[in-house]
Each structure stands twice: as C-alpha cells, then as structure tokens.
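Given next are the chains, with one letter for each unit.
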Amino acid sequence: MAENQSAEKLPRTVGLFTLGCKVNHYETEGIWRMFKEQGYERVDFDHDADVYVINTCTVTNTGDKKSRQTIRRAIRKNPDAVVCVTGCYAQTSPGEIMEIPGVDVVVGTQERKNIFAYIEEHEKTKGPVNGVSNIMKNRVFEEMDVPVFTDRTRASLKIQEGCNNFCTFCIIPWSRGLLRSRDPENVIAQANKLVEAGYKELVLTGIHTAGYGEDLKDYNFAMLLEELEQVEGLERIRISSIEASQITDEVIRVLDRSKKIVRHLHIPLQSGSDPVLARMRRKYSTDFYRQKVKKIQKALPGLAITSDVIVGFPGETEEEFQETCDFIKEIGYSELHVFPFSRRTGTPAARMDNQVEDEVKERRVHELITLSDQLAKEYASKYQDEVLEVIPEEHASEQEDNQLIGYTDNYMKVQFEGSADLIGKIVKVKIIESGYPVNKGVFVRVMDHATHVAEKNA
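Reading guide: rules and limits
- The numbers attached to residues start from 1 for each chain and follow its sequence in the written order.
- The model is predicted, so local features are restricted to residues of pLDDT at least 70 and side-chain atom pairs to those at 80 or more, both for listing and for counting; the totals for chains, interfaces and linings are taken over all residues.
- Calculated side-chain values reflect all of the structure's heavy atoms, with hydrogen atoms and water omitted.
- A run of H or I in DSSP counts as a helix once it spans at least four residues, and a run of E counts as a strand once it spans at least two, with each numbered from the N terminus.
- Radius of gyration: C-alpha atoms only; globule rule: 2.2 Å multiplied by the number of residues to the exponent 0.38.
- The classification of residues rests on relative accessible area computed with a 1.4 Å probe and restricted to protein chains. Under 20% of the type maximum is buried, over 50% is exposed, and intermediate values are partly exposed.
- Contact criterion: two residues are considered in contact whenever any of their non-hydrogen atoms come within 4.5 Å of each other.
- For the area figures, the Shrake-Rupley method with a 1.4 Å probe applies, and any residue is considered shielded solely by the protein chains shown.
- Counted as positive: Lys and Arg. Counted as negative: Asp and Glu, with His and the chain ends omitted from the count.
- Throughout, a charge is located at the NZ atom of Lys, the CZ atom of Arg, the CG atom of Asp or the CD atom of Glu.
- Note: two strands are recorded as paired if DSSP finds a minimum of 2 bridges between them.
- Every axis in this analysis is a line fitted to C-alpha atoms, fitted for helices over the stretch in contact. Angles between the N-to-C directions lie between 0 and 180 degrees.
- Any angle that falls under 35 degrees is termed roughly parallel, while one over 145 is termed roughly antiparallel, one within 65 to 115 roughly perpendicular, and all others oblique.
- Each crossing gets its hand from how the near helix is turned against the far one by less than a right angle, where anticlockwise is left-handed and clockwise is right-handed.
- When residues are grouped by polarity, Ala, Val, Leu, Ile, Met, Phe, Trp, Tyr, Cys and Pro land in nonpolar, Asp, Glu, Lys and Arg in charged, and all others, Gly among them, in polar.
- In this description, a nonpolar core means a group of buried Ala, Val, Leu, Ile, Met, Phe, Trp, Tyr and Cys residues linked to one another through side-chain atoms lying within 4.5 Å.
- Basic side-chain nitrogens of Lys or Arg form a salt bridge, by our definition, when they fall within 4 Å of a carboxyl oxygen of Asp or Glu.
- In this analysis, the expected span of each helix is defined as 1.5 Å times one less than the number of residues it contains.
- In this analysis, a patch consists of residues with relative accessible area above 30% that form no salt bridge, clustered at 9 Å for like charges and at 5 Å for the nonpolar side chains Val, Leu, Ile, Met, Phe, Trp and Tyr.
- Any pair of N or O atoms that falls within 3.5 Å is considered a polar contact. Within protein, one atom must be able to donate a hydrogen and the other to accept it, and sequence-neighbouring residues count only if both atoms are side-chain atoms.

Asker: Would you explain the overall build of the protein in this entry?
Answerer: Helix and strand counts for the protein come out as 15 helices and 19 strands. Here the C-alpha atoms of the protein give a radius of gyration of 23 Å, agreeing with the 23 Å that 2.2 N^0.38 yields for 458 residues. Dimensions of the protein, computed from the C-alpha atoms along their principal axes, are close to 65 × 55 × 50 Å. The buried share of the protein, taken over its 458 residues, is 54%. Considering only intrachain contacts with a sequence separation of at least 6, the fraction spanning at least 24 residues in the protein is 72%. Counting every atom, the protein has about 20,500 Å² of accessible surface; 48% of that belongs to carbon and sulfur. For the protein, the centre of its 60 positive side-chain charges and the centre of its 73 negative side-chain charges are spaced 2 Å apart.

This is the structure we're talking about:
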C-alpha cells in the first residue's frame, strides 16, 4: 500500500530525449514503458514536464558535449522539474554530470528500474542522487521489455549488452561493461509479443550483437537465430551488426537455410589496411574479412553489405588510406558509414603519436563518401525493373500523403504511390528508377502471409 501511495505522489508527465545509437533509442523506449506503468504521461521534450530523462552518449567527446547541452536545455525549460540523466556518458562520468547545477538523478547503463526510488529519494532530501555503480562487476543482462514502439513498423529486439573487444579507439566497454547475453527464453518471448503487436520485421540489436551467447553455456548466436526462425508470424529477421570474427560456419549454415533472415548484413570494417587494423586492435585481417564475405555471399545471393569505416586513424598514411579505398571497391559495399577518427579521451588511440591533421581527415572522408555513393548506386542498379518486397514505414512527406517510403529486405529505400493502410504490410513493388538514397517504384500487390510463406519455401 505504501508503494502505491508513493507512486501516486510522483510527478505525472515525463519528457525523454535520446542521444546516440539504436541501442540507446531502444532503451529509451524501455524507460518510457516503465514510466507509463507508473502512471506517467509522455510529453514532447521541448514542453514543460515534471520529469526529464536524458539518455546520453559518450562514443566521442562531441557526444559528451551534446549530452551536456541537452541536460542544460531541460534545466532551463523547467527549473522545478526532476532532471534524470542516464546512458553511457552518465556511466563513465557521473561526477561531471553531478556538477551541473539542476541535475537531480544520475543512473548509468544498468539498474534503471531503480530510477523511481532515486526520484523519490531526491524529492525527500532535495539533494542530487548518484545511482551509478561499477559496470565492470556486472555479469547479468538488464531485462527491459519493449512490447510496442512508438514510431516505427520495424521493431528492435535487444539481445545482448557490453563488449569484450577493447579496440584502441573505443570507450564502449567502459560505458557498457563486458558482454552479457539475454536469456534465450526471454528473447523468444519478446519476439512473440512483438509479432502479436503487429510487427513483421525484428531487428536484433545490442552493443556487440552477434557476440550473443559467448557468455552462455551450450548456446550461441546461431542457435538463437534458429529458434527465432520458428516464431509464427515473423516475416523478417534483420541482424543490426555482425563482426567478421563472429561469422562462424555454423552462422553461415543458418543463413543459408533461413527463410526469414534478410539479404542485408552490416559488417564493420573500420579500415582496409592491415597495419591500421593492428593499431586499432581489431580481431581480423583484410584477408580473413575477405574470405568470410565470400562465404556469406554464397549463402545469401544478392546480399547487401553495409559497413563502418574510420579514416585518419593515428599514423594512417596515404598508402594505407589507398589500401582501404581499394579494399572497399573489391568488396563492393551497398553503403558505407564514414567517420573521421575522433580522439576519445581515455582511449589508447587518443594518446598515440602521429595524429592525422583535420584537413587530411576531411579530404579522406569526402573521398570515401563519394565512393560510397557510387557503390550504392551500382548496387541499386542491379534491381532496376525487378519486383521486390517492401514494408512501407511512413508517408514520404506531409505534403505527399499518397507517397509511401519503406525498405526492401536488402535495405534499399523505396518510394512509391500507395494508401496509408499499406503501412506495416509486406507489399510487392517494381523498381522503375533505381538510385541512391531512394529508389522509385510502383505498387504491384499486397502479400498475404500464406502467399509470402509459400514463395519463401518455393
């Protein structure tokens, strides 16, 4: 009874803001579900709220800066609100955040279920509460159910947390801790809930997604994929990211047999030069990566491979950068995410000699983005006049409510004319004008579940 009384005294509106990656966005949805269960209403972050929750990012120094700016924005908006800061920056630098006047509660990347107890403690004492504990001691996945997403037709399903790699440029193990896998039964249970809520496509996500199972006994990522394959009503399984070192022969066999895993994989490269990969402390060589890609392309014909590349890593010479360009052309990616190296305080790479000048980094970024655009157009051109399956996600714009935007299974963005009732369904669309970033198509027909299954099994 006491708990109910205290819950009733809690403020009634909450504004949430997310910085950073897809995992953060997933977790913000999980945090919102917890607030909803406590009787809160969600308001826009720019409106007055009784509580503000800022889910922070720390992957770069810029992430820290943006997080601080957002925290101060909330404090200015309503100085009487309870300001709660969570996420990666909160985990690595709680002291810095606590020094910002107006911050009331700091929670890291674990134990977010305690946020209400911390709010209550703050309201009693009127002092700031630091709820951050040592992430490196945590060996348990934090369950955070997200049965419905507020803004998309694809649903994310977080399956693991943390990373054991300790690449020299990355702060993430210190903000997220070591690798922890979600209980397989809980993954399958949530997958079923999401399908029951109407989602046709699930995106498996995590900090080191395909490392799933490395901390479990007699269970691994390939086995989880096989179990998800059996989820009734699930049409598409998308893996948010898979490291080359995680593409085992067992995973490749599962991909080969699967009717649901899509023809798109995000396989981070970071550099196409072996000396740079060694300085980054990546767990593969270019030849290892190349062989894995060849194997996986046999299992998934027409596979779209996207990737991350860092340019201007300390000591990167013109020759090493050219090796990266040549390797990227050889693999033939469908799209690249290109980042200039950012000196992240606290990482070995930030202290390395031979830091590359900003103007050199900018030139290399521009060169690789140009190459990425060219490769993306080349990949899309293979599907000119082809009929592909698309799940429409939204209207192209407010002005074009008869134009829908969605993605094919191989992650091509397609715009076509259609009515709002098609959003969330699987439809056949003919590509009449391939391109990048958007392909233009014409609606063919809606796929019912039985026809879709029959075609997959044909």
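Further notes follow.
Asker: What is the right way to look at the environment of V103 in this model?
Answerer: Among the secondary structure elements, V103 is positioned in the loop between α5 (94-98) and β5 (105-106). Residue class for V103 comes out buried when judged on its relative accessible area of 4%. Measuring from C-alpha to C-alpha, the distance between V103 and C84 comes to 6.7 Å, with 19 residues separating the pair along the chain. Residues within four places of V103 in sequence aside, it is in contact with I71, I75, V83, V85, I97 and P128.

Asker: Got a minute to help me understand unusual backbone geometry in this structure?
Answerer: If a residue is not glycine, its phi is most likely negative; likewise, a peptide bond is most likely trans. For the bond running from Y436 to P437, omega is 10°, close enough to zero to count as cis. Looking at where P437 falls in the secondary structure, it is placed in the loop between β18 (427-433) and β19 (439-446). Residues other than glycine seldom take positive phi values, yet E111 does so here, at roughly 55°. If you trace the backbone, E111 turns up in the loop between β5 and α6 (115-125).

Asker: Any chance you could explain the sheet that holds strand β12 (residues 264-266) here in plain terms?
Answerer: Each strand in a sheet pairs with another by means of backbone hydrogen bonds, the pair being arranged parallel or else antiparallel. With parallel pairing, 3 strands are arranged side by side in an open sheet as β12-β13-β14. The strands lining the two open edges of the sheet, one partner per strand, are β12 and β14 (335-340). For this sheet the average axis-to-axis angle between neighbouring strands, irrespective of direction, equals 15°. By the bridge criterion, 3 bridges tie β12 to strand β13 (residues 304-311) in an arrangement that is parallel.

Asker: Would you mind showing me how to read the packing of helix α10 (residues 249-257) against helix α12 (residues 286-299) here?
Answerer: Remark: α10 packs on α12, axes separated minimally by 8 Å, with the N-to-C direction vectors making an angle of 25°. Compared by their axis directions, α10 and α12 come out roughly parallel. Two packed elements cross with a definite hand, and for α10 against α12 that hand is right-handed. Note on element contacts: α12 touches α10 through K295, I296 and A299, opposite D249, I252, L255 and D256. Residues belonging to the contact of α10 with α12 are distributed by class as follows: 4 nonpolar, no polar and 3 charged.

Asker: Looking at this structure, I do not really get the nonpolar core. What am I missing?
Answerer: As a rule of thumb, soluble globular proteins bury nonpolar side chains together. Counting residues in each nonpolar core, the largest one holds 57 residues, and the members touching the most others are F221 and Y289. Apart from residues no more than four positions distant in its own chain, F221 is found in contact with I159, L204, T209, A210, Y212, I239, I242 and V251.

Asker: Any chance you could explain the pattern of salt bridges here in plain terms?
Answerer: As a working rule, side chains carrying opposite charge can pair if their charged atoms are close by. Applying the stated rule across the entire model yields 26 salt bridges. R236 is paired through a salt bridge with E201; the nearest N and O atoms lie 2.9 Å apart. A residue pair is termed long-range when its members are at least 10 positions apart, and R236 in strand β11 (residues 236-239) and E201 in strand β10 (residues 201-205) qualify at 35 residues. Among the residues examined, R236 registers a relative accessible area of 3% and is labelled buried. In this structure, the salt-bridge partner of D358 is K361, at a minimum N-O distance of 3.7 Å. Remark: K361 and D358 occur in helix α14 (residues 358-381); sequence separation between them is 3 residues, near one turn of the helix. Through salt bridges that share partners, E27, R112, K158, E161 and R176 make up one connected network.

Asker: Would you explain α12 in this entry?
Answerer: Because the α-helix completes a turn every 3.6 residues, residues three or four places apart line up on one side. For α12, which comprises 14 residues, the first-to-last C-alpha distance of 20 Å matches the rise-based estimate of 20 Å (1.5 Å per residue) to within 8%. For α12, the secondary structure elements touched by its buried residues are α10, β12, α11 (274-280), β13 and α13 (318-331).

Asker: Could you clarify how one ought to interpret a negative patch on the surface in this entry?
Answerer: Negative charge collects at one region of the surface, where D274, E319, E323 and D326 lie side by side. Topologically, E319 is positioned in helix α13.

Asker: Can you walk me through helix α2 (residues 22-37) in this structure?
Answerer: Relative to the 22 Å expected for 16 residues at 1.5 Å per residue, α2 spans 23 Å between its end C-alpha atoms, a close match to the ideal helical length. Here α2 has its buried residues at V23, N24, Y26, E27, T28, E29, G30, I31, W32, R33, M34 and F35.

Asker: Looking at this structure, how should I read the side chain of R238?
Answerer: As for its placement among the helices and strands, R238 is situated in strand β11. In this structure the side chain of R238 is engaged in a polar contact, spanning 3.4 Å, whose partner is the backbone oxygen of T408. Leave out the neighbours within four places in its chain, and R238 touches R154, E201, L202, V203, L204, V262, H264, T408, D409 and Y411.

Asker: Which parts of the structure should I look at to understand the pairing of strand β3 (residues 51-56)?
Answerer: For a regular strand, side chains alternate in direction, first toward one face of the sheet and then toward the other. β3 sits mainly inside the fold: 6 of its 6 residues count as buried. A two-sided burial pattern is seen for β3, the buried positions comprising V51, V53 and N55 on one face and Y52, I54 and T56 on the other. Two elements, strand β1 (residues 13-18) and β3, share 5 bridges in a ladder whose sense is parallel. Residue pairing in the sheet places G15 in a bridge with Y52 of β3. When β3 meets strand β4 (residues 82-87), the two strands line up parallel, connected through 6 bridges. Its bridge partner lying in β4, Y52 is registered against V83.

These values are about where atoms sit, not about what they do.
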